[in-house]
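# Topology and contacts: notes
Given next are the chains, with one letter for each unit.
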Amino acid sequence: MDSDLLQVRHIVQEAIGTLSVSRDGAQICETLRTIKSYLGGTENPPSMKEKEEFTRNHFTTFLQCLISNLSLDWLEQFQSDEDKELWDCFFLEGPADQTFMVLLDTIISTEPSFRLNKVVDVLEQFLQRAGLSALMWEVCKQQTQAGPPVLQEAILNKVACLPDHLGNKLQGENRPVFFPQNYFPLLGVEMVQVLERISDSLRGGLDCSISFVSQVLGKVCMHGRQKEILNVLVSHLTDRTQSDCIWQRICWRLVESVPDRWVEPVVCGFVQAAAGPAVLSRLLGNLVVKSKKAQFVMTQKMLLLQYSNPTMVLQNLLGYLALDNMRRPLLIKVLKELLETWGSSTAVKHSPAEQQLYISKAILICLSHLKEAEILSYRQELLTVMMEGMKCHLDSNLPQIRHMGMVVAECVSARVMPEGPALKFQYEEDDEIRDLKTLLIQRPEQIPDSDSQSIGYMTPITILKPSVKPQPSASEGLDQGDDSELDSDDDLVPYDMSEDKELKKTKAPTYIRDCIEILTGPEDPEKYEATMGTLENLIRRNVAAAREVSVELAKVLLHLEEKSYIEGFVGLRQGALVAIAVTDPTPVAQFLTSEFYSLNYSLRQRMDILDVLARAAQELSQPFSPKAKQLPSLKQPSIQILSSNSSSPDWQKVVDERIRSKTRRFAKGQSQAKPPSAPNRFGPVAGHFFFPLLRNFDRPLTTFDLLGDDHLVLARLTHTLAILMYFAVNTVVAAAMGKALLEFVWTLRFHADTYVRQGLLSSVSSTLLSVPAECLLEDMTEELLETQAWLADVAEKDPDGDCRSLALQNLLLMENLKKKTLET
């Protein structure tokens with residue numbers, strides 16, 4: 001071995017011995033200055049070879065000696081502040097990688113003491129003086145020289161997990177700089193500084209490795225901190241790559257060098273943090289083409305397996321695929337796979353509505369990026385998949401799913417066949433539908449530069465912008481003024497005709513039997529309209545006469561075809577059926593329930609029967625006052641059975657209100673006055689409404705199979721049974737109804753349709769609210785235990801969010817029932 005190198009070893013060993021035994025401040029300071037000469041900054045520095053020998057083989061040992069001798073008495077030997085800083089400079093000016101490892105290992109292994117506090121102080125200064133960038137730069141230089149991988153792996157783990165180590169050790173006394181929300185943004189800034197040094201090296205013609213920076217980025221993102229670090233890193237890279245090709249290459253290599261096991265969080269983080277598709281294209285380049293792992297993440301996982309990303313992320317991702325000719329084949333592939341998933345009946349049945357909305361958005365964004373030539377090439381294939389998907393969505397019982405299918409089908413057909421007849425559905429537009437339609441229009445930054453001249457771009461603002469009329473000239477203004485002086489009639493105030501009614505030529509019938517004769521006789525539009533307009537009031541005013549012909553009138557109304565020339569015909573017919581069912585409940589309910597399972601009825605008629613039974617039960621259960629023989633207008637009932645905008649009927653709000661009333665709370669303010677008590681008129685007839693509907697649900701007919709294709713009617717049946725059970729509260733038959741309903745729920749608990757499962761869960765809620773707690777816990781113990789186990793499974797595993805919410809609500813009700821029983 002060279003004599004100079006032996007001399008370095010001898011000097012270091014002698015210094016370690018002196019520091020370990022000496023208590024002379026002057027001697028200690030002199031020894032430290034001698035060793036500090038190997039770090040530079042002295043008048044007579046050692047040779048480069050001696051410096052390398054010290055930093056490579058002796059620096060770590062010397063730092064460990066400094067820390068092992070560290071104590072309050074030892075530091076008191078230093079007379080001046082300059083001497084005290086001499087100890088710190090070894091940690092702040094020496095090789096950053098070795099310093100960092102020694103400091104962190106010491107912190108992890110040291111118990112609370114003066115030494116620990118001093119080392120934490122030094123580590124804090126190390127971070128604040130750009131120690132992390134020096135550390136990463138040291139490792140990057142070592143990688144070009146094939147440094148030891150074990151040490152690099154240890155440094156990587158310590159850098160990525162520093163907040164965890166410090167938090168576990170210091171706990172309540174942790175420093176703010178070590179908090180994750182502060183440390184990882186700082187790490188992002190330090191990474192930018194390292195990339196600056198790499199950029200300078202490349203411009204100077206020197207080779208440099210970037211893989212360690214990529215590993216740090218991947219490791220941090222894998223630990224779930226991609227938001228903190230990438231919010232800083234992406235903003236800096238966005239500015240630097242805007243006009244510098246070397247920075248673009250550095251950024252591409254940074255992401256490409258991330259190990260495959262960490263690619264997913266890094267790519268997802270970049271897509272989420274980028275300010276637009278063009279920025280993402282600059283940052284990632286053609287990564288999706290070069291890396292199979294990145295391609296899987298961007299074209300499969302983020303689109304088909306995840307659905308929590310916001311719309312902006314979808315626009316960034318799909319816009320990125322569309323901005324380069326090498327990536328456009330992946331855009332076509334993604335669109336086909338999205339449409340295939342969208343058109344899968346299994347996916348429509350078993351996927352949550354949020355995921356189907358997510359896929360619908362992705363499809364429309366893909367369509368907005370297609371070129372005319374690509375549309376022509378794949379037109380027939382797209383139309384075929386669209387037709388299959390449209391059928392699956394229209395077959396769904398959930399209005400939200402049906403509406404999504406309608407919107408996507410309209411947009412696909414309009415984009416693929418703009419010259420053909422427009423496909424148009426009737427639905428009520430809401431914010432969700434309007435947002436979907438706007439996705440078909442590209443934003444300016446999403447249009448490729450090569451196509452910006454050929455594509456006729458129009459924003460929603462330009463479509464809705466009103467045309468500006470030219471201002472009239474002075475002569476025209478004078479002419480108009482002359483004309484206005486002659487038009488003296490303009491000063492007259494028009495009469496208010498808003499409450500005027502059209503005079504009817506046909507007199508409305510005054511007897512119920514006359515109404516039956518008109519509805520069963522030859523069709524006369526004017527007589528039909530007059531009859532339907534007055535029939536409900538006649539039934540409610542003439543109770544005795546209505547009871548004489550109740551079943552006959554119910555049969556006529558049930559078979560009455562819809563008359564399009566009568567405004568509000570469906571509501572008028574339903575109002576009359578509800579009125580006759582309330583007036584004579586037992587025979588009418590027996591007739592309707594028997595006809596529900598009869599042949600030669602359409603699905604619409606069967607659902608009308610369910611609606612009438614539910615509305616009649618609601619009215620019969622309400623307090624009855626002789627002074628008010630008519631309920632409020634049926635156009636705005638408190639419980640709405642037919643709901644086109646939501647999958648669950650509004651009566652669930654009433655159930656929620658009762659749940660709140662049964663839940664004990666404090667400090668709710670002054671109590672409200674109780675409503676007047678009255679007998680429940682639904683109680684004596686509830687069995688006629690309820691039990692016949694459970695009789696034959698599992699027996700298929702020639703044209704009616706509840707357990708088969710007619711699951712929409714089954715779903716409406718489950719919701720109707722829940723409503724009937726709810727309104728049977730405090731009745732004698734409630735316990736028997738609840739027991740039968742729980743058995744019905746148990747039979748269908750694994751049904752594939754979401755709307756059916758929602759109805760079953762609502763039935764459980766109604767049973768828990770309406771049946772007395774004593775009956776539930778004594779007579780239905782076994783059923784409750786089975787139901788509770790099923791509810792726990794639904795709350796954990798059901799794909800539909802509403803089902804999970806209802807299951808949790810039912811579990812809470814069960815828990816409240818147990819507590820209430822124990823208290824009494």
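Bear in mind that the values here come from a model prediction, so they are computed numbers and not experimental data. (Residues numbered from 1 in each chain as written. Predicted model: local features only at pLDDT ≥ 70, side-chain atom pairs only at ≥ 80, totals over all residues. Heavy atoms only, no water.)

For the rest of this paragraph, the subject is the overall build of the protein. Scanning the protein from terminus to terminus reveals 42 helices and 0 strands. Looking at the protein as a whole, 50% of its 824 residues qualify as buried. In the protein, 75% of the contacts between residues at least 6 apart in sequence involve partners at least 24 apart. For the protein, the exposed surface amounts to about 42,200 Å²; the carbon and sulfur share of it is 52%. (Helix = DSSP H or I, 4+ residues; strand = E, 2+ residues; numbered from the N terminus. Buried < 20%, exposed > 50% of the residue type's maximum accessible area, 1.4 Å probe, protein only. Contact = heavy atoms within 4.5 Å. Areas by Shrake-Rupley, 256 points an atom, 1.4 Å probe, with all protein chains shown as cover.)

Our focus in this paragraph is the packing of helix α24 (residues 399-416) against helix α25 (residues 431-438). Between α24 and α25, whose axes approach to 10 Å, the crossing angle comes to 25°. When the interaxial angle is binned, α24 and α25 end up roughly parallel. Handedness of the α24/α25 crossing: right-handed. Along the contact surface, α24 presents Gln-400, His-403, Met-404, Val-407 and Glu-410, while α25 presents Glu-432, Ile-433, Leu-436 and Lys-437. Per-class residue counts for the contact of α24 with α25 are 4 nonpolar, 2 polar and 3 charged. (Axes fitted to C-alpha atoms, helices over the stretch in contact; angles between N-to-C directions. Parallel < 35°, antiparallel > 145°, perpendicular 65-115°, else oblique. Left-handed = near helix turned anticlockwise from the far one by under 90°. Nonpolar A, V, L, I, M, F, W, Y, C, P; charged D, E, K, R; others polar.)

Two numbers describe a pair of aromatic rings. These are the distance of the centres and the angle of the planes. Applying the stated criterion across every chain yields a total of 8 aromatic pairs. Ring plane angle 75° and centroid distance 5.2 Å describe the contact between Tyr-183 and Phe-184, whose orientation is recorded as edge-to-face. What makes Tyr-183 buried here is its relative accessible area of 0%. Looking at Phe-184, the relative accessible area reads 3%, which means it is buried. Within the aromatic cluster, the residues linked to one another by ring pairs are Phe-596, Tyr-597 and Phe-704. Against the face of Trp-247 rests Arg-240, its NZ or CZ located 5.6 Å from the ring centre. (Phe/Tyr/Trp six-rings, centres within 6.5 Å; stacked < 30°, edge-to-face > 60°. Lys NZ or Arg CZ within 6 Å of the ring centre and 35° of its normal.)

What follows is about the pattern of salt bridges. According to the stated counting rule, one finds 25 salt bridges in the structure shown. In this structure, Arg-716 engages Asp-611 in a salt bridge whose closest nitrogen and oxygen atoms are separated by 2.8 Å. Note that Arg-716 is positioned in helix α37 (residues 711-727) and Asp-611 in helix α34 (residues 603-621), a separation of 105 residues in sequence. Here the two residues Arg-716 and Asp-611 agree in accessibility, since each one is buried. Overlapping salt bridges, with partners in common, bring together Arg-573, Arg-604, Asp-608, Asp-611 and Arg-716 in one network. (Salt bridge = Lys/Arg side-chain N within 4 Å of Asp/Glu carboxyl O.)

Now for the packing of helix α6 (residues 96-109) against helix α9 (residues 149-170). It is at 10 Å that the axes of α6 and α9 come closest, and there the two elements cross at 35°. The two elements α6 and α9 meet at a crossing, and its hand is left-handed. Counted together, Asp-97, Phe-100, Met-101, Leu-104, Asp-105, Ile-107 and Ile-108 of α6 and Ala-154, Ile-155, Lys-158, Val-159, Leu-162, His-165, Leu-166 and Lys-169 of α9 form the full contact between these two elements. Of the residues that constitute the contact of α6 with α9, the class distribution is 10 nonpolar, 1 polar and 4 charged.

Here we take up the nonpolar core. If you look at the biggest cluster of nonpolar residues, it comprises 241 residues, and the most contacted ones within it are Leu-187 and Phe-270. Each residue touching Phe-270, except ones within four places of it in the same chain, is listed here: Leu-217, Leu-230, Val-234, Leu-237, Val-255, Leu-280, Leu-283 and Leu-284. (Core = buried A, V, L, I, M, F, W, Y, C linked by side-chain atoms within 4.5 Å.)

Its volume calculated, the second largest pocket comes out at about 870 Å³. For the second largest pocket, the lining is made up of 30 residues, of which Thr-55, Pro-95, Asp-97, Glu-138 and Gln-142 are closest to its centre. If you tally residues by element for the lining of the second largest pocket, the top one is helix α8 (residues 131-144), at 6 residues. (1 Å grid on protein atoms, 1.4 Å probe; cavity = no way out; pocket = protein on both sides within 12 Å on 5 of 7 lines; lining within 4 Å. Points joined across faces, edges and corners; volume = space filled by probe spheres on them.)

Here the focus is helix α18 (residues 311-322). Look at α18: 16 Å from first C-alpha to last across 12 residues, which is about the 16 Å you get at 1.5 Å a residue. Taking burial as the measure, the 12 residues of α18 include 10 buried ones, the bulk of the element. Of all the positions in α18, only Val-313, Leu-314, Gln-315, Asn-316, Leu-317, Leu-318, Gly-319, Tyr-320, Leu-321 and Ala-322 are classed as buried. (Expected span 1.5 Å × (residues − 1).)

Assignment of secondary structure puts Arg-327 in the loop between α18 and α19 (328-342). For Arg-327, the side chain forms a polar contact with the side chain of Asn-286, separated by 2.7 Å. (Polar contact = N/O pair within 3.5 Å; in protein donor to acceptor, adjacent residues only side chain to side chain.)

In this section: helix α10 (residues 180-203). Between its first and last C-alpha, α10 extends 34 Å over 24 residues, near the 34 Å set by a 1.5 Å rise per residue. Just downstream of α10 lies Gly-205, where phi reads positive at about 85°.

The subject of this paragraph is the environment of Tyr-597. Topologically, Tyr-597 is positioned in the loop between α33 (585-596) and α34. Taking the relative accessible area as the measure of exposure, Tyr-597 reaches 10% and is therefore buried. Considering only alpha carbons, one finds Tyr-597 and Phe-704, 107 residues apart in sequence, at a separation of 8.1 Å. For Tyr-597, the contacting residues outside a window of four places in its chain are Arg-606, Pro-692, Leu-693, Asn-696, Phe-697, Leu-701, Phe-704, Leu-706 and Leu-717. Side-chain polar atoms of Tyr-597 contact the backbone oxygen of Leu-693, separated by 2.5 Å.

Here we come to unusual backbone geometry. Glycine aside, residues mostly have negative phi angles, and peptide bonds mostly take the trans form. In this structure, Ala-130 is a non-glycine residue whose phi angle is positive, near 60°. The topology assignment puts Ala-130 in the loop between α7 (114-128) and α8. A positive phi angle, near 65°, is found at Asn-600, a position not held by glycine. Position of Asn-600 among the secondary structure elements: in the loop between α33 and α34. The exposed category is assigned to Asn-600, whose relative accessible area is 73%.

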